[in-house]
Amino acid sequence: MPDIIGIGESDMDLFLKVKRLPEKGEKVRARELGKMPGGIIGNFCSQVARNGVSCGIVTVLGNDENGKLALADYKARGIDTRGLYIEVGQTFYCVIFIDDSGEKYLNAVVTPLISPSVERIDFNYVKEAKYVHMCSMDYELVKAVADNLEGTKTKISLDYESHADLAGYNNWSGILCKISILFINEDGLRNLFSDRKDEKLETGEMVEDVQDEAVRSLLNLGIEMVVLTCAEKGGFVYQGNQKYSYEAFPVTDVVDTTGAGDSFNATFLSCIVQGMHIEKAMEYAAASAALTIMSVGARTGQPDRTEMDSFIRDKHKISNEGSAK
């Protein structure tokens, strides 16, 4: 059985290269870079497999060409697809614009097949996993899975994003108390506490003590670990009374930031499942995210553990040489 099972969206991503986004009423020429499988959960599962951890996915695809391509990609990566099902209809897809800096601008084209139906989930299969991972795109799906897994040995990790469905602490606190690992970035943290009208969280750049206070309130719900990512600034992992920090690896040749967070989350959780210490897991996760953004497409540049090791050694060597000077 898979050690980690992802539950949620799969999609197909159409990538377009632009120098910049158009202003109102303006036309900007674009160049098509390609069509590649994507989706937060799909990307996550792909990177778990790249880490050498057994992985399954519970998702839905349409019976169209995009669905066939996505299914073939999962199978080629060795991902268990027993929880995947096909419906008549159009697979969820995204149109992604990439500017000259490598930053992405994502447009999700919603179809009826954006999320798997709770009624189609085999929870006997899901309960065999050590961890189930989900994102905050579908509130009812996350709630149903959390309710069904309550009292079992299977733990839940959640990626809470700034565009969460039914956003806010008042809606999500009843779910968060059932979560073991919460992945969240600075924008997501603001979004989560938006209904509490906390001015310190809402205005400007959050200082570290404000972040700490917000995260501690989440740990008090019963969450075992909160992973707070802060893009190029690095981030923090909170566990009990412990707080660990990590630095992001500098990348000068950013090509496409799509999927960086998914790769980070997948690598971190894979390391934890393998019994690795948090500090080492953070380093591998940061390396995974850095390597991912050097290629077009969320999965194209996803590294395996050997590639991460090589990347980390090279970065440390450069850092040590710089310090010696």
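The structure under discussion appears in the preceding block.
Sequence order sets the numbering: in each chain, residues are counted from 1 along the sequence as written. Under the rules for a predicted model, residues below a pLDDT of 70 receive no local features and side-chain atom pairs below 80 are neither given nor counted, while totals for whole chains, interfaces and linings still include all residues. Excluding hydrogens and water, the side-chain values take into account all heavy atoms of the structure.

**Some details on unusual backbone geometry**
Quick note on the threshold: Helix numbers and strand numbers start at the N terminus; a helix is a DSSP run of H or I with at least 4 residues, a strand a run of E with at least 2. When a residue's accessible area, from a 1.4 Å probe over protein chains only, is under 20% of the maximum for its type it is buried; when over 50% it is exposed; and in between it is partly exposed.
A positive phi angle, near 50°, is found at Leu-166, a position not held by glycine. In this fold, Leu-166 is placed in the loop between strand S10 (155-160) and helix H5 (169-176). Its relative accessible area of 43% is what places Leu-166 among the partly exposed residues. The phi dihedral of Ala-231 falls on the positive side, at around 55°, and the residue is not glycine.

**Topic: the sheet that holds strand S4 (residues 55-58)**
How we decide: Criterion used throughout: strands pair if DSSP finds at least two bridges between them. Helix axes are fitted only over the stretch in contact, all axes being lines through C-alpha atoms; the angle between N-to-C directions runs from 0 to 180 degrees.
The eight strands are arranged S4-S1-S9-S10-S11-S12-S13-S14 in an open sheet whose pairing can be described as mixed. Lying at the two open borders of the sheet, with one neighbouring strand each, are S4 and strand S14 (242-246). Geometrically, the sheet is characterised by an average inter-axis angle of 15° between neighbouring strands, direction not taken into account. When strand S1 (residues 4-7) meets strand S9 (residues 131-135), the two strands line up parallel, connected through three bridges. Within S9, the residue paired with Gly-6 across the bridge is His-133.

**What about the pairing of strand S8 (residues 104-109)?**
For a regular strand, side-chain orientation follows a simple rule: the groups alternate between the two sheet faces. Across six bridges, strand S7 (residues 93-98) lies against S8 in antiparallel orientation. Residue pairing across strands places Val-95 opposite Asn-107, the latter belonging to S8. Once S7 ends, the chain turns through five residues before running back antiparallel as S8, passing Gly-102 with a positive phi of about 90°.

**Regarding helix H2 (residues 65-76)**
Quick reminder: α-helices carry 3.6 residues per turn. Residues three or four places apart thus point the same way. For the record, the criterion: By definition here, a helix of n residues has an expected span of 1.5 Å times n minus one. What the arc covers is the set of directions going from the helix axis to the C-beta atoms. Should any heavy atoms of two residues lie within 4.5 Å, those residues are counted as being in contact.
With twelve residues, H2 extends 17 Å between its outermost C-alpha atoms, agreeing within 8% with the 16 Å of an ideal straight helix rising 1.5 Å per residue. Those residues of H2 lying buried are Asn-66, Gly-67, Ala-70, Leu-71, Asp-73 and Tyr-74. The buried residues of H2 occupy one face: seen down the axis, they fall within an arc of 160°. Looking at H2, the residues exposed on the side facing more than 90 degrees away from the buried face are Lys-68, Lys-75 and Ala-76. Along its buried surface, H2 packs onto strand S2 (11-17), strand S3 (31-38), helix H1 (40-50), S4, strand S5 (60-62) and S7. Positioned one or two residues after H2, Gly-78 has a phi angle of 80°, which is positive.

Remember that the coordinates give geometry; whether it matters functionally is a separate question.
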